[in-house]
Amino acid sequence: MVQDSASGRVRRHLEQLIHQGAPGDKLASVRTLMADLGVSPSTVRTAVAELVRAGSVETVAGSGTFILAPPTAGSVSANRSWQTIALGSTQGEADLLAPLRAQQNPDTIDLASGYPGPSLQPTKLLAKALQDATRRPGTFGRAPSDGIGPLRDWFAEQLSPSRNHRVLIAPGGQAALSLIFRSIGLRGEAILMETPTYVGAIAAARSAGLTPVPVPTDSGGVQLGGFEAAVKASGARLCYLQPRFHNPTGATLSPERRAPLMDLASRHNLILIEDDWLYDLDLAGGHLPLAANDPDGHVVHLRSLTKSVAPALRIAGIAATGAIAERIRSLRGSEDFFVSPILQETALNVVTSPAWDRHLRRLRTELKERRLVLRRALEANNDWCLNIQGGPLHVWLETEDRIDPDELRVSAMRNGVAILSGTAWHPGDAPAKHIRLSVAAANEAEIIEGLARLQESLPT
Ligand SMILES: Cc1ncc(COP(=O)(O)O)c(C=O)c1O
């Protein structure tokens, strides 16, 4: 009885939140509701389950509870609970990438996205490139599943003038990662990953059935002693690395570690998956990819244009050699036949235009200024100066112990600023709490205002 009335109270509270919110909004977590209303977890779950049955909300495993659009007049209320039975047990994977994909209100300040906002996109260059592409014969037809020749050549030549690599075109870096993991990984096997690392790589590895094994890093990139110990302990043959401007820490592999790392790869027959996601934003331009000096073919290199051009230009190049390239290629063809030639021709026109270098210079300068503004504001504030790391696009910020980064993300969103929590960015246990703030989509004034809103979202 007590349980009934308590869950009724929680239900009424939730109905009020649903009334105030909009479809797609996330409801407060079980933990927050327990604390706010002084009730047990089972009481909260009972109330949520009633609302799920009523079709007002849906729960997404690992992500939370979201408001659903009310049924339109005349629509038939559906009972899809059979699907849960038909699907059986979950594959055990929370949707780690839901926060990256979350839609925002137009007046939310975006300190979460790593994609350049409209003011950083080369819109004129893109529009002309697209228009020229549509005039080329064959643009509306099919393309080879490896990608169009001149674009593959461009990626290969950038990596090494001798064009030693076989390049395949994939629809963006995320798709490239997923393809690589699934084509060369065996379900159940270990993959070494720097900790922390890009959450999208952790999610793609897990969905390929691989088990991420954390490898320690510092400001010089992956620590070689820990790396070799992890290879020996796990028997891994695969390793995912970001040697340039690591996301999220910003570290670049130090020059002294490069040859020993390649030596380790050779002694242990390792495949190194080099995610060179910010190739185009290297301000100093001095770091050669590992793949550029890899005669025996240990490295699979990938690079995408989404960060340096625009999110909609979903084009990535995967460069590999020998049997590894062949293995990736054979899965690539069965995935989706080919990447749209409209996008490939447009990308080719963009990167071979005389305006490309100018755009990159402008982009780098603007991002550098935004980053300075963010760092200065953080360093001037006692709440944020615990440990600040980061690269050209992001700041990776250690938070005080009293702050729960997942809860901060939710309350910041309510206050009109989007950030990312670092909780899911560790392939193993997280040694500290972090959030990630990005400067790609917010200008300087928005960065300052976003930080003020974030400040207001801190627990008192
Ligand atoms: C390190 C890293 N690799 C790969 C990707 C995926 O790239 P894309 O946006 O081209 O799919 C991202 C996206 O943020 C990233 O941060």
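Residues numbered from 1 in each chain as written. Predicted model: local features only at pLDDT ≥ 70, side-chain atom pairs only at ≥ 80, totals over all residues. Heavy atoms only, no water.

A.B. asks: Kindly report on the site of the ligand, identifying the contributing residues and their values.
C.D. replies: Taken together, 14 residues are adjacent to the ligand, and Y115, G173, D275, T306 and R314 come closest. Between the ligand and the protein, one listed contact pairs an oxygen atom with a side-chain N or O atom of R314 at 2.6 Å. Protein chains bury 95% of the 390 Å² of accessible surface belonging to the ligand in isolation. Classifying every residue of the shell around the ligand by side-chain character gives four nonpolar, seven polar and three charged. (Near = heavy atom within 4 Å. Polar contact = N/O pair within 3.5 Å; in protein donor to acceptor, adjacent residues only side chain to side chain. Areas by Shrake-Rupley, 256 points an atom, 1.4 Å probe, with all protein chains shown as cover. Nonpolar A, V, L, I, M, F, W, Y, C, P; charged D, E, K, R; others polar.)

A.B. asks: Break down the domain arrangement of the protein chain for me, with residues and values.
C.D. replies: How large an interface is tends to be reported as the accessible area lost when its parts come together. Along its sequence, the protein chain is carved into domain 1 (2–87), domain 2 (98–120 + 357–457) and domain 3 (123–351). For domain 2 and domain 3, the distance between their C-alpha centres works out to 25 Å. Contacts between the two partners involve 24 residues from domain 2 and, on the opposite side, 29 residues from domain 3. In total, domain 2 and domain 3 occlude about 2300 Å² of area from one another, counting both sides; carbon and sulfur atoms represent 69% of this. (Domains from an automatic or database assignment. Contact = heavy atoms within 4.5 Å. Buried area = accessible area lost by both parts, 1.4 Å probe.)

A.B. asks: Hey, could you go over the pairing of strand β4 (residues 166–170) for me, with residue numbers and the actual values?
C.D. replies: Of all five residues in β4, four are buried; the element is thus mostly enclosed. The sheet contact formed by β4 and strand β11 (residues 316–320) spans five bridges and is antiparallel. Within β11, the position partnered with V167 by the bridge is A319. (Buried < 20%, exposed > 50% of the residue type's maximum accessible area, 1.4 Å probe, protein only. Helix = DSSP H or I, 4+ residues; strand = E, 2+ residues; numbered from the N terminus. Pairing = 2+ DSSP bridges.)

A.B. asks: A description of the pairing of strand β6 (residues 211–218) should follow, citing residues and the corresponding values.
C.D. replies: As defined by bridge partners, strand β5 (residues 190–195) adjoins β6 across six bridges and the pair is classed as parallel. Note on β6: the bridge partner recorded for M193 is P214. Taken together, β5, helix α9 (residues 199–207) and β6 form a β-α-β motif whose crossover is right-handed. Bridge analysis of β6 against strand β7 (residues 221–222) gives two bridges, and the strand direction is antiparallel. Bridging from a neighbouring strand, D218 pairs with G221 of β7. Taking the residues between adjacent antiparallel strands as the criterion, β6 and β7 are bridged by two residues. (Right-handed = clockwise from strand over helix to strand, strands pointing away.)

A.B. asks: Describe the packing of aromatic side chains, with residues and values.
C.D. replies: Scanning the entire structure with this criterion turns up four aromatic pairs. Each ring, one from F181 and one from Y240, has its centre 6.1 Å from the other, and the planes form 80°; the classification is edge-to-face. With F181 in helix α8 (residues 173–184) and Y240 in strand β8 (residues 238–241), this pair connects stretches of sequence that are 59 residues apart. The two residues F181 and Y240 agree in class, both being buried. Here the aromatic rings of Y198 and W425 are separated by 6.1 Å at their centres, their planes lie at 65°, and the arrangement is edge-to-face. Of this pair, Y198 sits in the loop between β5 and α9 while W425 sits in the loop between β15 (420–421) and β16 (434–438), and the two are 227 residues apart along the sequence. Judged on exposure class, the residue Y198 and its partner W425 are both buried. Here the aromatic cluster, defined as three or more aromatic residues joined through ring pairs, consists of Y198, W396 and W425. Taking NZ or CZ as reference, R303 lies 3.7 Å from the ring centre of Y279, over its face. (Phe/Tyr/Trp six-rings, centres within 6.5 Å; stacked < 30°, edge-to-face > 60°. Lys NZ or Arg CZ within 6 Å of the ring centre and 35° of its normal.)

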